[in-house]
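Breakdown of the fold
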Amino acid sequence: MSAQSLDRLCQALCHLPGVGKKSAQRMAFHLLQHHRHGARELAQALLDAVNHIGHCQRCNTFCEQPECSICLDTSRDASMLCVVESPADMAALERTRNYRGYYYVLMGCISPIDGVGPTELKLKQLLLQIDRQQPREVIIATNFTAEGDATAQVLMRMLESKSIKGSRLARGVPVGSELEYVDLSTIAHALAARM
């Protein structure tokens, strides 16, 4: 094993979110020292995923077929469309078991600093999905960040031009929390959006 191969492995592991040089080196050493079989499995799984996983033609999430299992599920509520930033956000909403409509995954959010605008988010594809599905309501479930808020504003303007009801996820105080420990921004948004 050359040092060059080890360096390449560490650099590759640094592509993972939250993984710096030290963490990457620790992972690489662990796999090589204690779990070479697991390292081979990981390498093959990554290769298979990169070669076989594409995007759903309807909702833009990751899938291996032309359409994902959610889009193929005819028992879902077609009057609802939920727009999320990532497949991870979609999975989080699915785990709640409270939403039974369809989705559209943006695969990011508007971020001028990163060179991401409406074109890069494939908003035309979202409009085509809205035209096909004809939902009664589009729920905008972007993250509560500056970029997520900017994306939500652009989406709300698009929906207004199509005369479709748009709504945004509520912000508020987390369940089980005490007000004295909640950040001021969350309290302010909870007050503004009180029921």
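A brief look at the structure comes next. Position labels on residues start from 1 in each chain and follow its written sequence. In keeping with the predicted nature of the model, local features appear solely for residues at pLDDT of at least 70, side-chain atom pairs appear and are counted solely at 80 or more, and the whole-chain, interface and lining totals rest on all residues. Computation of side-chain values: all heavy atoms of the structure, hydrogens and water removed.

1. Notes on the overall build of the protein chain
A tally of regular secondary structure across the protein chain gives eight helices and six strands. For the protein chain, the α and β elements follow one another from N to C terminus as α-α-α-β-β-α-β-α-β-α-β-α-β-α. The reference for a compact globule is 2.2 Å times residues^0.38; the radius of gyration itself is calculated from the C-alpha atoms. Its C-alpha atoms give the protein chain a radius of gyration of 21 Å, more than 25% over the compact-globule value 16 Å for 195 residues. C-alpha atoms of the protein chain, sized along the principal axes, occupy 60 × 50 × 35 Å. Burial analysis of the protein chain (195 residues in total) assigns 32% to the buried set. When contacts within the protein chain are restricted to residue pairs at least 6 apart in sequence, those whose partners lie at least 24 apart make up 50%. All accessible areas in this document rest on Shrake-Rupley with a 1.4 Å probe, and a residue is counted as covered only by the protein chains that are shown. Of the roughly 13,000 Å² of accessible surface on the protein chain, 56% is carried by carbon and sulfur atoms. Treating the 21 positive side-chain charges of the protein chain as one cloud and the 20 negative ones as another, the clouds have centres 2 Å apart. Secondary structure elements are taken from DSSP: a helix is a run of H or I of four residues or more, a strand is a run of E of two residues or more, and numbering for both begins at the N terminus. Only protein chains enter the accessibility calculation, which uses a 1.4 Å probe; a residue is then buried when its area is under 20% of its type maximum, exposed when over 50%, and partly exposed in between. Contacts: residue pairs with any heavy atoms within 4.5 Å of one another. Charged residues are defined narrowly, with Lys and Arg counted positive, Asp and Glu counted negative, and His plus the chain ends left uncounted. By convention, the charge on Lys lies at NZ, on Arg at CZ, on Asp at CG and on Glu at CD.

2. Considerations on the packing of aromatic side chains
Think of it this way: a Phe, Tyr or Trp ring, Trp meaning its six-membered ring, pairs with another when their centres are within 6.5 Å, and the plane angle makes it stacked under 30 degrees, edge-to-face over 60, tilted otherwise. All chains considered together, the criterion is met by one aromatic pair. Note on Y99 and Y103: the rings are 5.1 Å apart at their centroids and 65° apart in plane angle, and the pair reads as edge-to-face. There is no split in this pair, since Y99 and Y103 are both buried. The criterion for a charge sitting over a ring is simple: Lys NZ or Arg CZ within 6 Å of the ring centre, and within 35 degrees of the ring normal. Across the ring face of Y102, the terminal group of R58 is positioned such that the distance to the ring centre comes to 5.3 Å.

3. Looking at the sheet that holds strand β4 (residues 101-105)
We treat two strands as partners when DSSP finds at least two bridges between them. Across the sheet, four strands lie side by side as β4-β3-β5-β6; this open sheet has parallel pairing. Each edge of the sheet is formed by a strand with only one pairing partner; in this case those strands are β4 and β6 (165-168). For this sheet, the mean angle separating the axes of adjacent strands, direction not counted, is 25°. Here strand β5 (residues 137-141) runs beside β6; their pairing, made up of four bridges, is parallel. Along β6, the bridge assignment pairs E137 with K165. Axis definition: a line fit to C-alpha positions, over the contact stretch in the case of helices; interaxial angles, taken between N-to-C directions, run 0 to 180 degrees.

4. Digging into helix α2 (residues 21-34)
Any helix carries an expected span of 1.5 Å times its number of residues minus one. End to end, α2 covers 20 Å across 14 residues, agreeing with the expected 20 Å (1.5 Å per residue, within 8%). Residues of α2 that are buried include every one of A24, A28 and L31, and no others. Looking straight down α2, one finds that the buried residues subtend no more than 70° of arc, so they occupy a single side. Looking at α2, the residues exposed on the side facing more than 90 degrees away from the buried face are K22, R26, Q33 and H34. Looking at the buried residues of α2, the elements they touch are α1 (3-13) and α3 (36-52). What the arc covers is the set of directions going from the helix axis to the C-beta atoms.

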